[in-house]
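The primary structure of each chain is shown beneath.
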Amino acid sequence: MNRIRTQMKRYILQLLFIISLSSMPFCASANSIKTVRQAKPLLTRILEKIHLLKIAVSKELHKKDNLQDNLKDSEIGIGKLSHKIFLTRQNLKQKNQLLEKIQRKQKENQRKLQLEMQALSHQITSAYRLGNQPFTKILLNKENPDEINRNLHYYQYFNRARQENIQSIKNLIEKNKTLEIHIEKEKRSLIKITDKLN
C-alpha cells in the first residue's frame, strides 16, 4: 500500500510538471514545440499509470474492507462462542449440583432402608418372643380370655406394623432404583457437556 502511494505521488509530480510546462506561454521556437510534442506521450503514459494506480488502490481498499468485514464476523463469532461456553459451564455447574443432590437423597434413602430393615427384624424377633404358638392355638386356648384378647391385639399390631415396614422397604427400594437411573442419566449428560467444552 505504501509502495503504491509513493508511485502515485511520483506520477502526480510528473503530471504537475508537464501541466506547468504546457501552461507556459508558447514561444514559436522549435525547442518549445519539440518539448510539447515530447511531453504529450509522457503525459499520456503518466495518466495511464495514474489510472492503473487508482485501480490498484481501489482493489487494495476493497481487500481492506473485506478483511475488516471478516475480522468483524470473526469477533462476533468469538463472542457468540464465548457466550455459549459460559452457558455450557453454567449448565455443567447446575448438573453437578443436581447430581450431588440426587446422590445425597439416595444415601438418605439407603439409610432409611437400613433403619426399616432393622425395625422389621426387631418386629420379627418380638413376635417370636411373644410365643411360638400359632394364631389358632391362641384362639383355642380358653384359660385366660384377657390374655387371648391381649395376644390377638399384639398379633394384629405386629402384623400391621410388619406390613407397613415391608411396604416402606419396597417403596425405598423403588425410589433408589429410580434415583440410580436418574444419576446415570445425569452422568451421561455431564459427560456430553464436558466433551462440548473440550
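Residues numbered from 1 in each chain as written. Predicted model: local features only at pLDDT ≥ 70, side-chain atom pairs only at ≥ 80, totals over all residues. Heavy atoms only, no water.

(A) Expanded view of the confidence of the model for the protein chain. In this model, the protein chain carries an average pLDDT of 77, and 77% of its residues clear a pLDDT of 70 or more. When the elements of the protein chain are averaged for pLDDT, helix H3 (residues 135–140) gives the smallest value, 58, and helix H2 (residues 30–130) the largest, 82. (pLDDT = per-residue confidence, 0-100. Helix = DSSP H or I, 4+ residues; strand = E, 2+ residues; numbered from the N terminus.)

(B) Local environment of the nonpolar core. One finds Leu92, Leu99, Ile102, Leu179, Ile183, Leu190 and Ile193 forming the largest nonpolar core, which totals 7 residues. Of all the secondary structure elements, the ones that give two or more residues to this core are H2 and helix H4 (145–197). It is H4 that contributes the most residues to this core, 4 residues altogether. Non-local contacts of leucine 92, meaning those with residues more than four positions away in its chain, are made with Leu190, Ile193, Thr194 and Leu197. (Core = buried A, V, L, I, M, F, W, Y, C linked by side-chain atoms within 4.5 Å. Buried < 20%, exposed > 50% of the residue type's maximum accessible area, 1.4 Å probe, protein only. Contact = heavy atoms within 4.5 Å.)

(C) Geometry of the side chain of glutamine 106. Structurally, the position occupied by glutamine 106 is in helix H2. Look at glutamine 106 and you get buried, because its relative accessible area is 12%. A distance of 3.3 Å separates the side chain of glutamine 106 from the side chain of glutamate 180, its partner in a polar contact. What glutamine 106 contacts, discounting residues up to four positions off in sequence, is Asn176, Leu179, Glu180 and Ile183. (Polar contact = N/O pair within 3.5 Å; in protein donor to acceptor, adjacent residues only side chain to side chain.)

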